[in-house]
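# Notes for the structure review
Given next are the chains, with one letter for each unit.
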Amino acid sequence: METTSRAGHPLPYDTYRQAIEREALRFADVARGADPATPVPSCPDWTLADLTRHVGAVHRWFSALLTQLVQEPPRSRDVELGLPEHPADYADWLAAGVPAVADVLRKTDPQAPMWAWGADQHARFWARRMLFETLVHRVDAERAVGRESDIEPALAADGVDEFLVNLPSAGFFAPAVAKLRGNGETLVFQCTEPDGGTGEEWRVRLEPDGFRLLPRAAADATPSEAQTVVRGQAADLLLLLYKRRSYQEAAFDISGEVATLDHWFSHTAF
């Protein structure tokens with residue numbers, strides 16, 4: 001399996017296939033029995049019913065793309081949802097769709113060429129994307145109903161990688177991303193291990209014509225004076241990148257120019 005410029009990423013395809021099923025069922029468990037009208041603070045103007053419908057619709061749409069192995073951008077996102085009449089039944093509807101999603105993923109050749117909006121033009125792109133769409137929204141749902149959240153560290157680190165690898169391609173649906181530029185500043189997102197040690201890190205350079213994730217060799221040679229470094233555990237970094245957390249929280253250790261972070265987060269929402 002091909003990887004990004006980061007060793008160990010992406011994860012094996014079966015890891016995504018199995019994790020999608022677990023995360024979808026966890027989401028359904030959160031939503032089941034909760035008031036569908038519960039606001040979701042991390043998704044402004046959405047209720048828990050809206051969020052559940054969104055996740056179920058994404059699963060069905062991504063599954064349709066994978067079944068067809070589409071070779072060009074689809075003109076419509078319309079798929080048959082079979083949505084229940086009552087929002088209180090959305091959680092069961094989401095869970096009922098999981099076997100079909102799992103079946104599509106089992107039957108899909110992860111290395112099959114197909115259109116994707118990100119850098120990896122293979123079917124495996126959609127499995128990876130589906131996982132993190134589901135996982136982050138599972139956390140959204142848990143927070144909405146007052147539950148504690150946890151994310152497996154290996155999945156969280158891969159989610160950081162997936163976000164940063166695909167961000168340069170997100171400009172067509174997140175226009176602010178296309179305006180993210182700088183003058184050579186480097187942002188470093190560094191994972192800390194539970195014992196305080198240093199794990200993986202990703203470096204992004206902001207340049208006058210855009211930004212890019214630096215390959216490991218180039219990252220090692222990056223001058224330190226232009227760096228802004230964000231250190232935190234992988235799950236916290238993942239939620240930070242998705243704006244579910246703030247870098248001002250105690251979970252993060254920041255060094256360098258905070259203005260660079262403000263500039264980054266004002267342009268990277270999607």
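To be clear, the structure that these remarks concern was listed above.
Overview of the structure. (Residues numbered from 1 in each chain as written. Predicted model: local features only at pLDDT ≥ 70, side-chain atom pairs only at ≥ 80, totals over all residues. Heavy atoms only, no water.)

### Some words on the layout of surface pockets
- In this structure, the largest pocket spans a volume of roughly 730 Å³.
- Among the secondary structure elements, those contributing two or more residues to the lining of the largest pocket are α2 (48–68) and α5 (124–144).
- Looking at the lining of the largest pocket, the element that brings in the most residues is α5, giving six residues.
- Along the lines of polarity and charge, the residues of the lining of the largest pocket split into 20 nonpolar, five polar and six charged. (1 Å grid on protein atoms, 1.4 Å probe; cavity = no way out; pocket = protein on both sides within 12 Å on 5 of 7 lines; lining within 4 Å. Points joined across faces, edges and corners; volume = space filled by probe spheres on them. Helix = DSSP H or I, 4+ residues; strand = E, 2+ residues; numbered from the N terminus. Nonpolar A, V, L, I, M, F, W, Y, C, P; charged D, E, K, R; others polar.)

### Here we look at empty space enclosed by the protein
- In total, this model carries one cavity of 30 Å³ or more according to the counting rule given.
- Put simply, the largest cavity is a space of about 40 Å³.
- Lining the largest cavity, in full, are Arg-17, Ile-20, Glu-21, Ala-24, His-59, Val-98, Val-101, Ala-102 and Leu-105.
- Counting residues per element, the ones that place at least two in the lining of the largest cavity are α1 (13–31) and α4 (98–107).
- Broken down by class, the residue content of the lining of the largest cavity amounts to six nonpolar, one polar and two charged.

### As for a nonpolar patch on the surface
- Judged by side-chain polarity, Phe-172, Phe-173 and Phe-270 come together as a nonpolar surface patch covering roughly 300 Å² of accessible area.
- Its location among the elements puts Phe-173 in the loop between α6 (153–166) and β1 (186–192). (Patch = residues over 30% accessible without salt bridge, like charges linked within 9 Å, V, L, I, M, F, W, Y side chains within 5 Å. Areas by Shrake-Rupley, 256 points an atom, 1.4 Å probe, with all protein chains shown as cover. Salt bridge = Lys/Arg side-chain N within 4 Å of Asp/Glu carboxyl O.)

### What to know about the sheet that holds strand β2 (residues 198–207)
- The five strands lie next to each other as β3-β2-β1-β4-β5, forming an open sheet whose pairing is mixed. At either margin of the open sheet sits one strand with a lone partner, and together these are β3 (210–213) and β5 (253–255). For this sheet the average axis-to-axis angle between neighbouring strands, irrespective of direction, equals 15°.
- Looking at chain direction, β1 and β2 are connected through six bridges and run antiparallel. Across the sheet, the residue bridging to Val-188 is Arg-203, located in β2.
- Its contacts with the sheet put α6 on β1, β2 and β3, and the angle it makes with β2 is roughly 10°. (Pairing = 2+ DSSP bridges. Axes fitted to C-alpha atoms, helices over the stretch in contact; angles between N-to-C directions. Contact = heavy atoms within 4.5 Å.)

### So, the side chain of His-59
- Within the element layout of this structure, His-59 appears in helix α2.
- With sequence-adjacent residues up to four places away left out, His-59 is seen in contact with Ala-24, Leu-94, Val-101, Met-130 and Thr-134.

Purely geometric numbers; function is a separate question.
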